[in-house]
Each structure stands twice: as C-alpha cells, then as structure tokens.
Amino acid sequence: MAAQLRRPGLAVSLSGLALAVYWMAGELALLALSAGFPLAFLLAGRLLPGVPVAAVSDQVIDRLDAVLQDRTQGPNQTGCFVLQFDDPSWLCDRHGRTRQSEILAACIGGIRGAMRPGDMLFPLEDGSLVVVLAPSQRLDLEGMVRIAGRLQLVVQQPMALADGSVHVTCCIGFCHARQLATQSGRALLEAAQVAVDEALRHRPGALRSYTDELALTRYARDILRKGFASAVDAGQIRAYFQPQLSTDSGEVSGVEALARWHHPERGCLPPGEFLPALEGTDLMKLLGREMLNQSLAALSAWDRAGLRVPTVAVNFSTQDLRDPQFPEQLAWALDRHDLPPLRLTVEVLESVVAGLEDDIITRNIARVTAMGCGVDLDDFGTGNASITAIRSFAPRRLKIDRSFVRGVDHARDQQKLVTAVLSLAEQLGLETLAEGVETQAEHAMLAQLGCGHVQGFVIARPLPPDEVMGWLIQHRERLAKALRINMPARQP
Ligand code: C2E
Ligand code: CA
Ligand code: CA
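Given the structure is predicted, the values throughout are model-derived calculations rather than measurements.

1. Observations regarding helix α9 (residues 271-278)
And step 1. Three or more residues of α9 are buried, namely Pro271, Phe274, Pro276, Ala277 and Leu278.
And step 2. Packing partners of the buried residues in α9 comprise α8 (212-233), β9 (252-263), β10 (267-269) and α10 (283-304).
And step 3. Where α9 ends, the next residue or the one after it, Gly280, has phi of about 80°, a positive value.

2. Focus: the sheet that holds strand β3 (residues 129-132)
And step 1. A sheet is described by the order of its strands in space; here five strands give the open sequence β2-β3-β1-β6-β7, paired in mixed fashion. The sheet is open, and its two edges are formed by β2 (120-123) and β7 (207-209), each paired on a single side. Strand-to-strand twist of the sheet, defined as the mean angle between neighbouring strand axes without regard to direction, takes the value 15°.
And step 2. Along the sheet face, helix α7 (residues 185-200) touches β1 (79-85), β3, β6 (170-176) and β7 and points at about 145° away from the line of β6.

3. A closer look at the coordination of the calcium ion (ligand 2)
And step 1. Ligation of the calcium ion (ligand 2) by protein atoms is provided by Glu256 (OE), Asn315 (OD1), Glu347 (OE) and Asp378 (OD), these donors lying 2.2 to 2.3 Å from the ion.
And step 2. Read N to C, the donor residues that coordinate the calcium ion (ligand 2) are spaced as E-x58-N-x31-E-x30-D.
And step 3. The metal-metal distance between the calcium ion (ligand 2) and the calcium ion (ligand 3) comes to 4.0 Å, with Asp378 coordinating both. With Asn315 in strand β11 (residues 312-315) and Glu347 in strand β12 (residues 344-349), this residue pair connects regions lying 32 residues apart in the sequence.

4. Some words on the site of ligand 1
And step 1. Around ligand 1, a shell composed of 21 residues is seen, among which Gln242, Arg260, Asp378, Glu438 and Phe457 lie nearest.
And step 2. Asp378 is positioned such that a nitrogen or oxygen atom in its side chain is 3.0 Å from an oxygen atom of ligand 1.
And step 3. One of the side-chain N or O atoms of Glu438 is found 2.6 Å from a nitrogen atom in ligand 1.
And step 4. For ligand 1, the protein covers 78% of the area, taking 790 Å² as the surface of the free molecule.
And step 5. Listed by contribution, the elements that provide at least two residues to the shell around ligand 1 are β9, α9, α10 and β13 (374-380).
And step 6. Here the shell around ligand 1 takes four residues from β9, the largest share from any one element.

5. Some points on the pairing of β6
And step 1. The buried count for β6 comes to seven of seven residues, which makes it a mostly enclosed element.
And step 2. Judged by which residues are buried, β6 turns out to be covered on both faces: Cys170, Ile172, Phe174 and His176 on one side and Cys171, Gly173 and Cys175 on the other are all buried.
And step 3. Here β1 runs beside β6; their pairing, made up of seven bridges, is antiparallel. Looking across to β6, one finds that Val82 is bridged to Gly173.
And step 4. Here three bridges tie β6 to β7, and the two strands are oriented parallel to one another. Looking at the pairing, Gly173 lines up with Arg208 of β7.
And step 5. Taking the sense of rotation as the criterion, the β-α-β connection linking β6, α7 and β7 turns out left-handed.

6. Brief notes about the coordination of the calcium ion (ligand 3)
And step 1. Looking at the calcium ion (ligand 3), one finds its protein donor set to be Asp378 (OD), Asp379 (OD), Glu435 (OE) and Glu435 (OE), positioned 2.2 to 2.6 Å from the metal centre.
And step 2. All donors to the calcium ion (ligand 3) come from one chain, and their sequence spacing reads D-D-x55-E.
And step 3. The buried category is assigned to Asp378, whose relative accessible area is 6%.

Calculation criteria
- Residues numbered from 1 in each chain as written.
- Chains lettered and ligands numbered in written order.
- Predicted model: local features only at pLDDT ≥ 70, side-chain atom pairs only at ≥ 80, totals over all residues.
- Heavy atoms only, no water.
- Buried < 20%, exposed > 50% of the residue type's maximum accessible area, 1.4 Å probe, protein only.
- Helix = DSSP H or I, 4+ residues; strand = E, 2+ residues; numbered from the N terminus.
- Contact = heavy atoms within 4.5 Å.
- Pairing = 2+ DSSP bridges.
- Axes fitted to C-alpha atoms, helices over the stretch in contact; angles between N-to-C directions.
- Donors = N, O, S within 2.8 Å, 3.2 Å for Na, K, Ca; no water.
- Near = heavy atom within 4 Å.
- Polar contact = N/O pair within 3.5 Å; in protein donor to acceptor, adjacent residues only side chain to side chain.
- Areas by Shrake-Rupley, 256 points an atom, 1.4 Å probe, with all protein chains shown as cover.
- Right-handed = clockwise from strand over helix to strand, strands pointing away.

In structure tokens:
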C-alpha cells in the first residue's frame, strides 16, 4: 500500500480525482477525500510497522530489475551484496543510539567511497546495507569476492569518533545474477540475504556467496521456525536429562536439561537440528521458558519419589539473558513449583560472558546469583573470558569443555590444560565439572586430577524424562552395592 501511495502517478491524478468527487458527490465527499488521503499516507508510511522496510526493499528490487533489464554490458552482469553488522545490540549498548547512528553514517561514507559510479547503496530498516552493482561486462564471481572483501575492509577499519576510536565488524553475503535461474530483482535480493544469514552464522567478519544448497537449508529452517510454537503447544519439545556425578562420592550432584524435538515426521531432533532455526528470534525465549518449566516439574516429581537430585541445570540463550524480566521469570517459576533457588542452575556460555561490560546480561547474572541460583560457565576454555569477568559473575562451577576432556587419560597436553583450569578454579574458589566424559579411563583420570564433577556418555546419555527415575533408582542401588563391597560386613 505504501508503495502504491508513493507512486508519482497517484499524486498527479489526485487533483483530477478531487474534482470528479466534488462534481459527483459534493463538498462532504471532497472533505472526506482531502482528510482521508493524508491519513492513509501517514498510516501506511509511518505508523504501520514494517511498511517503510517494504518500501526500501521495493526500491532495491526496482533498481535490481532495472539493472537486470539493462543488456548494454551483456545479460545478467550484476550482483547484489547485503552487509550486516555482527553485533548491532552491542554497538547500541556500548555506544548508545546517537553514536550508533554516527558509526552507521561513517560506514555508509566509507562504502560509498569504495563504490564505482552507477553502483547504488540502500540502508534497510533492519540495519542491513544493500549494494547493487551497476552492470559490468567483466563482473564474475571472483570479482564479487574481491568487492565483498573491499567493502568489509572499509567498514572494519578503526573509526575515529569524538570520544575515541571504535572498531566494528560485519558479515557480507552476495549473489551474482548468473547464479540464479530466475532473473528477478526480488530473487537476487533474497539470494544475497540467504548468503548473509549464512555468513552471520559464522560471525564475526564472515563472507559468503549464495548457493542453491544454502537456499534449501534456509527453506528447511524456515519450516522448522514456523512450526516451533505449535510444537511447544503440542508437547513435542521435551527436556531430556543427563546426570552429573560427584567424583568424590559418586552421588548425583545434578542433571542438565537438554532439549529434544519429537517431530511427527522427522523423528527425535537434537538441538543442533533446530536451534539454528530459532537463533536470533524470540522463539529462543519460548524454548527457555518451556525447558525451565519442564525441568522444575521433573525436579518436583523426583523429590516426591524420594530421589535426590540437588539441582537441575538449564541452558539459557543470549535472548533469555538479555531479557530485563529474566530474574523475575526464574523467581516466579521456582515459586510456582515451590522450590528454593539453589535447586536451579543457570548455564551460561563462557563466550557470552567474555568481553561483557556493564550491560543487561551482567546485571541479570548478578541478580540470579544474588537470588541464590547456581551459575555454571558452560564450554569453559573455549570462550576467552577474562579472570576479571569470571570473578564478577561469581559462577558456582566451571564446566570444562569436551575438547579438553577427550583423551585426557593418555594425552599429556590435555592433562596439562585440565590441570591449568582446575588450579584456576581452585584459586577462584569455584567448583569444576568436566563434560563429554566418554570412557572409564577419562573418568578415572579426571577424578585423580581433582575435578569435582563429571558428566558424559560413560555415565549416561541424555535420558527422556520417563527413564530418569529408573536410572536414578538403579544408580542408588549400584552405589549402595559398591559401598557394601568397599566396607565388608563385620564378623560377628
Ligand atoms: P551443551 O550445553 O554443551 O550440552 C552438551 C552436549 O554434549 C549435549 O548435546 C549432550 O548430549 C552432548 N554430550 C553429553 N555427553 C557427551 C559425551 O560423552 N560425548 C559427546 N560427544 N557428547 C556428549 P545436545 O543435547 O545435542 O546439545 C547441544 C547443544 O545445544 C548444547 O550443548 C547446548 O548448547 C544447546 N542446547 C541444548 N538444549 C538447549 C536448551 O534447552 N536451550 C538452549 N538455549 N540451548 C540448548
Ligand atoms: Ca550446557
Ligand atoms: Ca557444554
């Protein structure tokens, strides 16, 4: 509608229309038309969310269509680039909205300087920048890669601002018109957007060219994304639980909740298959809420059955952690299940806390710790968190990543790395948990090195909720038996 209203033809014919309305229907109708038209324009152009984006994308598509129809340099001699900043919310959190606009303006200036005459740049309202190339006979895919590199270079150069310099990173996706069977502006823009989405999955600073395979993956991901909310309603999203053991006592020290999607057509999907479809959307929060509720419900059921599971650890996404209501939501859920905060552990990826300054995530984690919930730093050793950051988050445990655990029983290098993490944890007064423990030999070595807790396939795979109780009972019996063997009954 906005695009229709903006057409020059409509503006030109408006006076004729007004005259016709006045002749045929009188003054009142003329009044209605003169009040109604600007109102419709305002609504379509400003008030309806999303409409201006469509209008700008329409301009991009019109430009691409025009370039595709221009055969002076031969057929299909153009390409489209979409540039996205790696972390726009960080930019805004760190520098504020005004600075963010200033940075954007500097990037646009830099890109314009790197473009040739006839190339066009469009900022879209989703924060991305689109570059449409003027037709050129010599343009091939290699040339596109070089241009993408050049655009990235100008954006990633340190920028001097009034209060210091700033360095932003970006991803670029691109598509050459010849890569597509359908020669339309819309198809070309969408193909470059598919490519930039893929680049963003490998951020920071990734470049990706469009391929048909990417489009198929994206299509499959879109289908999963569209079906996720109803899958939650239908009970298809289920928390599985993987036990964690204390290396001292052998007792269960907690369980980690891991999401599974029982898909009616595709079977049981692990998170690796569906999380990419949810990433960056509010559906991540829906997942977090669902996992939290199922985990606390399971914990209450184990309590009622007299089975001791001290805490359940839930993985939360950046979207969850950025939500200002996050600590309250945990408190409400705990309250609803009548459980004290220490029964819940919040798993936060080390990479999320690395490099954070005073932003909402930091404040949320501090509030969660103050409430009495545990915080486990997940995938520890892969995320470059500084010691200052670790101290300020006061986690309960460091979860040593599987990459350090693999082969720790025989590989000296692995032993050195694990020992280094264990002594860091000791200095900071934190507990440790090794994840992805697959063999008895790894388990034994980790215990010997002084790692406090272990989790992995050698103990149990992530179990569906109806199998957890059976496993807990069996484990209790195994422990009691081991204790009887270690302490033979006294002779009468
Ligand atoms: P993670 O948090 O690091 O979870 C551990 C992963 O290692 C799980 O994969 C688990 O099944 C697997 N694992 C456990 N023991 C072993 C072992 O001995 N050997 C090996 N090779 N792997 C082992 P899963 O369930 O496929 O989850 C993958 C990732 O998806 C998780 O990694 C976590 O980052 C994410 N994830 C899982 N559930 C959720 C969720 O509810 N919310 C969010 N935001 N992320 C989740
Ligand atoms: Ca985890
Ligand atoms: Ca992990």
